[in-house]
Amino acid sequence: MASGIKCRRFIHSLLRTCKRGHVPVLQRHCHRGMTIEQIEQEVAKLLELKAQIGDDGAKKFVLKTPKGTRDYSPQQMAIREGVFDTIISCFKRHGAETIDTPVFELKETLTGKYGEDSKLIYDLKDQGGEILSLRYDLTVPFARYLAMNKIQNIKRYHIAKVYRRDNPAMTKGRFREFYQCDFDIAGLYDPMLPDAECLKIVAEILQELNLGEFVIKVNHRKILDGMFGACGVPEEKFRSICSAVDKLDKTFWDDVRTEMVDEKGLEPSSADLIGTYVKQSGGTELIDMLLQDERLSKSKDAKEGLEQMKLLLRYCELYGIKDKVLFDLSLARGLDYYTGVIYEAILKGFTNTPSAAGAGEEQLGVGSVAGGGRYDNLVGMFDAKGKNVPCVGVSIGVERVFSIIEAKYQASQIKSRTTQTEVYVVSAQKNLHEDRMKLCAELWDANIKAEHSCKKSPKPLTQFQYCEDMQIPLAIIIGESELQNNVVTMRNVSSREEKEVPRDKMVEEIKKTLRDLQTQSK
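As recorded in an unreviewed UniProt entry, the chain goes by histidine--tRNA ligase and comes from Lingula anatina. Recorded in UniProt for the chain, the comment headed Catalytic activity (unreviewed entry) runs: "tRNA(His) + L-histidine + ATP = L-histidyl-tRNA(His) + AMP + diphosphate + H(+)". Recorded in UniProt for the chain, the comment headed Sequence similarities (unreviewed entry) runs: "Belongs to the class-II aminoacyl-tRNA synthetase family."

What follows covers the sheet that holds strand β7 (residues 281–282). An order of β1-β4-β5-β11-β10-β9-β6-β8-β7 is seen for the nine strands of this open sheet, with the pairing classed as mixed. With partners counted over all chains shown, the strands left at the sheet margins are β1 (97–98) and β7, one partner each. Contacting β4 (154–163), β5 (177–186) and β11 (391–396), helix α4 (residues 74–93) crosses the sheet at an angle of about 10° to β5.

With that out of the way, let us pick up helix α9 (residues 238–245). Summarising burial for α9: six of the eight residues are buried, a large majority. Residues Phe 238, Ile 241, Cys 242, Ser 243, Ala 244 and Val 245 constitute the buried set of α9. Among the structural elements, α8 (221–230), α10 (253–263) and α11 (268–278) are those in contact with the buried residues of α9.

So, on to unusual backbone geometry. Positioned with a positive phi, Asn 447 is a non-glycine residue whose angle comes to about 65°. On the secondary structure map, Asn 447 appears in the loop between α15 (433–445) and β13 (450–452). You can call Asn 447 exposed: its relative accessible area is 68%. With a phi close to 65°, Arg 496 is a non-glycine residue in the positive phi region. Position of Arg 496 relative to the elements: it lies in the loop between β15 (487–492) and β16 (498–502).

Quick look at the pattern of salt bridges now. All told, the structure shown has 28 salt bridges when counted by the stated rule. Residues Glu 344 and Arg 333 are paired through a salt bridge, measuring 2.9 Å at the closest nitrogen-oxygen approach. Residue Glu 344 is found in strand β9 (residues 341–347), and its partner Arg 333 is found in the loop between β8 (325–328) and β9; the two are separated by 11 residues along the sequence. When sorted by exposure, Glu 344 lands in the same class as Arg 333, which is buried. Salt bridges sharing partners connect three or more residues here, namely Arg 93, Lys 200, Glu 204 and Glu 208.

Attention now moves to the packing of aromatic side chains. Applying the stated criterion across every chain, the model contains 10 aromatic pairs. One aromatic cluster in this structure is built from Tyr 114, Tyr 136, Tyr 337, Tyr 338 and Tyr 375. Geometry around Phe 464 places Arg 491 over its ring, the cationic atom sitting 4.4 Å from the centre.

Parameters at a glance
Residues numbered from 1 in each chain as written. Predicted model: local features only at pLDDT ≥ 70, side-chain atom pairs only at ≥ 80, totals over all residues. Heavy atoms only, no water. UniProt positions renumbered as here; feature names shortened; annotations may be inferred. Pairing = 2+ DSSP bridges. Helix = DSSP H or I, 4+ residues; strand = E, 2+ residues; numbered from the N terminus. Contact = heavy atoms within 4.5 Å. Axes fitted to C-alpha atoms, helices over the stretch in contact; angles between N-to-C directions. Buried < 20%, exposed > 50% of the residue type's maximum accessible area, 1.4 Å probe, protein only. Salt bridge = Lys/Arg side-chain N within 4 Å of Asp/Glu carboxyl O. Phe/Tyr/Trp six-rings, centres within 6.5 Å; stacked < 30°, edge-to-face > 60°. Lys NZ or Arg CZ within 6 Å of the ring centre and 35° of its normal.

Spelled out as structure tokens, the structure:
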């Protein structure tokens, strides 16, 4: 340590001498007869050594989270837990079971599954073993899990963090580290039955979260492929053109057309034909019209996709969500693994509207809050014999949902509860901490959520103020008189009404009062 300090001091001394232009002084410190060029070379070496050692605190350490990430306060976590509870409750209502997978996968597991988005995968530094990457989504790990465990049928949900080296927009719910909430149905079933259930789940969750009006846009990869073929797009360009169409919700058609022609090398006439189709949206009537279309009617893929889309809308009507579903030919979803129906849920109050001021910018907030589709061939990519397991699923964009709900809470100035404490034990006099501890133990054993101060003799006013700040519904008060008479005083924190309760009836009376308060709040 001492030699390191001396070394740093010597380097600093020489560098200061050099900066002042005192070459003669430097020459006296170095071997006689050194040229200026040699001195400059030695100074360069010293500078490099200085950079390695450090600048003795000259660079101030900045406390911050990495770009595209954030911390969450107790208030924000309370909101998040509420959203998760709503989503998980819906998943379980539909019979799903849950799994978990590693946060990182073998790089080759993720490679080639995301099209142009593959550049957003976080690769981990090689530690002399396996080449790994952080998971980009939960779908590819799920497909790997199915293939590895030879699973043919499962209805599962998975809630976990994923990572994307994207350009973050924190206020709009776009991060580099974020949660995904996925629901998937794997197995060979009749057409559109599991697909329609996924749409029903999206509608249920968005309605229960009370996010406002929304629409679920649907399309079909076979319709897109048939449309591209009918418009003269070479088959090898289908995916890249699909990726360009996928940007239509963020930018103008003219920009998408320019990308197709100038960057993707598509014929202008083909791009113009695509433009006539992708501007159309509607319901069953549009499907019937497209089935009679001169170009699309010659495409086997387009006809099959349109027939399946017609059946999907029929099932949506049976599930009571047809008014929430819109068949939209501009919906593409750029991920390579989709093979059938694709869908995306959009909040109407937060649609992405391109503007001349900046094409591609989200003008009104978060926009898409859920998306998914059918991917029948993904599992086969991991199976040694190429055996496929048909799958369809949906992912809820919870970070964007959190952004909306947080904004609502801030605008309304409603304070969310950060704990679930039901009872706070208050001591009215000093040195009653042991009695408080006994009382809390009794409440915890009765499965009542309770707490008390960790100070021996807290002030009563401070304890009551804590109850009000944390929105704890009941306070149990003990003092010398209560202990002598074997009773407690139960206080309704919001109304400040108090009543005496016998000690042996305390648990029963607390549970009854909590039930009454819960009924009143509904």
